[in-house]
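# Residue-level structure breakdown
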Amino acid sequence: MNKIKVLVAGCGNMGTSHARAYRQLPEFEIAGLVSRKPESREKLSHELGGLPTFSDFGAALASTQPDAVSINTYPDTHAAYVWQSLKANAHVFVEKPLALTVDEAQSLVDLAQKSRKKMVVGYILRVHPAWAKFVSIAQTLGKPLVMRMNLNQQSSGEQWYTHKQLMNSMSPIVDCGVHYVDIMCMMTGAAPVSVCAIGARLSDEIDTKMYNYGQLQVRFDDGSVGWYEAGWGPMMSETAFFVKDVIGPGGCVSIVEKGKGASDDVEGHSKTGGLLLHRSQLDPEGNFVNKDEMISTADEPDHDGLCLLEQAYFLKAIRENMDLTAHLNDAVNSLKIVLAADESFRTGVTVAL
């Protein structure tokens, strides 16, 4: 079969990892690289043996005429780039979030389905073997579930610059939260019914209408509840920056932080270190029946390995004409939850879904 020509937009952390994945998959051929900064695209082009580079997305799309486009740019460009790519008759891989509004996201889903083009949203935890195990174990703990998650990032230098750029369009609980409310929805299999949120602006370096710390709380129709916390900046604490914990009537399962680096370590954002399972069953004397179990995840992929799994899924979707309706509906649903949390923070009231 002919190779799939893919245009990679964005040559930062995610774009670089995805480009490396395309290079490893013989079914793909990279048609070109697009980025705002010449340094990033030239560096990646050199690493991959010399590829055409572009500063303008529209020009790159017209010049390369790709079969697929990989969008790994800042979130405020996602919707426009996805729209242009679908209109150019290309399949799309796009990093989360799909768009900045629910209506915009739904319109892109509708266009992809009308165009009969495959669109995959980069929910990297969905392809992570250890996170898949985390979800499956949580589903054995009974209902309701209590889900506690956070990812705070103490950032400085280039990473703080990137965080400030991201906050030109969205808060940390929106940008990162889509991953974790998606996981919560998978764990419960239930519909979210309401969201409330708190937040704070902890830096004069960001817009007065933006906040760099937030926490959301979501309720589900099966009685389950979950919270997610995210903060960015040089003031963030390194204490308890990574919490992934689920409790049910049958016990609890937690991602253990063993071996984690600092909060600015990208590898650590998806790294599990191990799963600790505790069962709540008691014997007639009131003692625990089961000992706590440590489940090893030592063989989990690194960040590049996870991106390779994502692109293998994208390839399969294209080659096998997979029905991505559920995947895209879930992407819109998780965006709806975090945007409702943002609304709750700004209005001070709980938002019904």
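For the structure itself, look to the data block above.
To start, this report covers the structure provided alongside it. Per chain, residue numbering runs from 1 following the sequence as it is written. In view of the model being predicted, local features appear only for residues whose pLDDT reaches at least 70, and side-chain atom pairs are presented and counted only at 80 or more, with totals across whole chains, interfaces and linings using the full set of residues. In computing side-chain values, all of the structure's heavy atoms are included and hydrogens and water are not.

A separate point is the packing of helix H6 (residues 129-138) against helix H9 (residues 177-188). A fitted line through C-alpha atoms represents every axis, and for helices the fit uses only the stretch in contact; the resulting angles, taken between N-to-C directions, go from 0 to 180 degrees. Numbered from the N terminus, helices here are DSSP runs of H or I no shorter than four residues, and strands are runs of E no shorter than two. One can describe the packing of H6 onto H9 by two numbers: an axis separation of 9 Å at closest approach and a directional angle of 40°. Classified by the interaxial angle, the pair formed by H6 and H9 is oblique. In this structure, H6 meets H9 at a crossing whose hand is right-handed. Residue-level contacts link Trp131, Phe134, Val135 and Ala138 of H6 to Tyr180, Ile183, Met186 and Met187 of H9. Think of it as three bins: nonpolar holds Ala, Val, Leu, Ile, Met, Phe, Trp, Tyr, Cys and Pro, charged holds Asp, Glu, Lys and Arg, and polar takes everything else, Gly as well. Its residues assigned to classes, the contact of H6 with H9 shows eight nonpolar, no polar and no charged. Here roughly perpendicular refers to angles of 65 to 115 degrees, roughly parallel to angles under 35, roughly antiparallel to angles over 145, and oblique to all remaining angles. Here a crossing is taken to be left-handed if its near helix is turned anticlockwise relative to the far helix by less than a right angle, and right-handed if that turn runs clockwise. A contact between two residues is defined here by any heavy atoms of the two lying within 4.5 Å.

Here the expected length of a helix is defined as 1.5 Å per residue gap, with one fewer gap than residues. The end-to-end C-alpha distance of helix H11 (residues 303-319), which contains 17 residues, comes to 24 Å, matching closely the 24 Å that a straight helix rising 1.5 Å per residue would cover. Within the sequence span of H11, burial applies to His303, Gly305, Leu306, Cys307, Glu310, Gln311, Phe314, Leu315, Ala317 and Ile318. Here a polar contact means two N or O atoms within 3.5 Å. Within protein one must be a hydrogen donor candidate and the other an acceptor candidate, and residues neighboring in sequence count only if both atoms are side-chain atoms. Its side-chain oxygen 3.3 Å from the backbone nitrogen of Asp304, Asp302 forms the N-cap of H11. Exposure classes here rest on a 1.4 Å probe applied to the protein chains alone. A residue is buried below 20% of its type maximum, exposed above 50%, and partly exposed in between.

By the convention used here, strands pair only if DSSP detects at least 2 bridges between them. Pairing is parallel in the open sheet, where six strands are placed in the order S3-S2-S1-S4-S5-S6. Whereas interior strands pair on both sides, the edge strands pair on one side only; in this sheet they are strand S3 (53-54) and strand S6 (119-122). Of the strand pairs in this sheet, strand S1 (residues 4-9) and strand S2 (residues 28-34) are connected by six bridges, and their pairing is parallel. Considered in S2, the bridge of Ala9 is made with Val34.

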